[in-house]
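Listed below are the residues making up each chain.
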Amino acid sequence: MRIFKRWLYNIIAFGKRYFLRKAMLQNGAGAPPVFVVTGFPRSGTSVTAALLNALGVFFGEPNTLRGGDRHNPGGYFENREIASITMALLRQAYDVNASILKARGLFSLAARAFTRRRMVRLVAYFNRRGGAWGFKAIPARFLRFSFYFWGPYLPCKPKIVAVYRHPISASCSYKKMKGDQFFFPDIIRRWTDYHESLFYYLSQYQAFLIKYEDITNAEKQDAILARLHAFVGQGERATLNGVVRCERSGTHEESAWLKAYYPLPERTKEILAELD
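Cut-offs and rules
- Residues numbered from 1 in each chain as written.
- Predicted model: local features only at pLDDT ≥ 70, side-chain atom pairs only at ≥ 80, totals over all residues.
- Heavy atoms only, no water.
- Core = buried A, V, L, I, M, F, W, Y, C linked by side-chain atoms within 4.5 Å.
- Buried < 20%, exposed > 50% of the residue type's maximum accessible area, 1.4 Å probe, protein only.
- Contact = heavy atoms within 4.5 Å.
- Salt bridge = Lys/Arg side-chain N within 4 Å of Asp/Glu carboxyl O.
- Helix = DSSP H or I, 4+ residues; strand = E, 2+ residues; numbered from the N terminus.
- Pairing = 2+ DSSP bridges.

Undergrad: Got a minute to help me understand the nonpolar core in this structure?
TA: Nonpolar side chains in soluble globular proteins tend to be buried together. Ranked by size, the top nonpolar core spans 40 residues in total, and within it W133, F149 and W150 carry the most contacts. Contact partners of W133, with chain neighbours within four places excluded, come to P32, P33, V34, F35, V57, F58, V123, F126, N127, L154 and P155. Counting 25 residues, the second-largest nonpolar core is a separate cluster that includes F35, L228, V232 and V244.

Below, the structure is given as structure tokens:
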């Protein structure tokens, strides 16, 4: 029995090396650029992905993307297959809360081998299209997981397009969407933790950082869109016109009151100042 188990473990380890090598051979020279859109929920990741999509960055066929709803009528640009694969990899991890993302145990290792096969096939599908492609790394914790799981199989080092929003505005919008299942100070804490980890990825990858309040400001929008077009390096600048609407959200009055009276933690203030 012990010999049989060892034989199975060797087969699984060989499969991991095989899929990794297969991905490297599929990518090769001249691989298309990959963009990762990230941000805290309700911070403008969907409209940021829509901007990239207008410049020709492919996020998936319409029937593979999460559709719109009353909170986000324009759609979320979240590829359901990428989300499904990432969630499967998380389920197969030994202990996500302790950041032990490797699979342990014969069943989890075997299941991850099949999930890895799905991943390689999906990356190959995006690469065969020949143009730039991307995906959204959300919820917020998916940013770290996405680079851990997907990074070795991507055709090149990805570029990050990150968007951030004032913590009170983002938290008000998130609470309005989710209802009372989340305590407001807890959302602020999650905002703080996420953006603290974001600094690492902004320093390690070629990145473009957008402030949501600026891109929805009519006076600042044009300059930001021009710089985003230059960063992406493809498409027509004119296609970005009209993608972002300069209007107030339904949570503006509540967030304005909270900004005046709610005391943000010092750590949150420091991170927001650094982002600005």
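Undergrad: What is the right way to read the pattern of salt bridges from this model?
TA: Where charged atoms from two side chains of opposite charge come close, those side chains can pair. Per the stated rule, a full pass over the model turns up eleven salt bridges. For R66, the salt bridge is made with E78, and the minimal N-O distance between the two is 3.5 Å. Of this pair, R66 sits in the loop between α2 (45-54) and α3 (80-91) while E78 sits in the loop between α2 and α3, and the two are twelve residues apart along the sequence. Classification of E78 by relative accessible area gives buried; the value is 17%. In the salt-bridge network here, residues are joined through shared partners; they are D186, R189, D193, E196 and R267.

Undergrad: I tried to follow the pairing of strand β4 (residues 207-211) on my own but got confused; where do I start?
TA: The two faces of the sheet receive side chains in turn, since in a regular strand these alternate between them. Alternating residues of β4 divide into F208 and I210, all buried, and A207, L209 and K211, none buried. In this structure, strand β3 (residues 159-164) lies alongside β4, joined through five bridges in parallel fashion. Bridge assignment links Y164 to a residue of β4, and that residue is K211.

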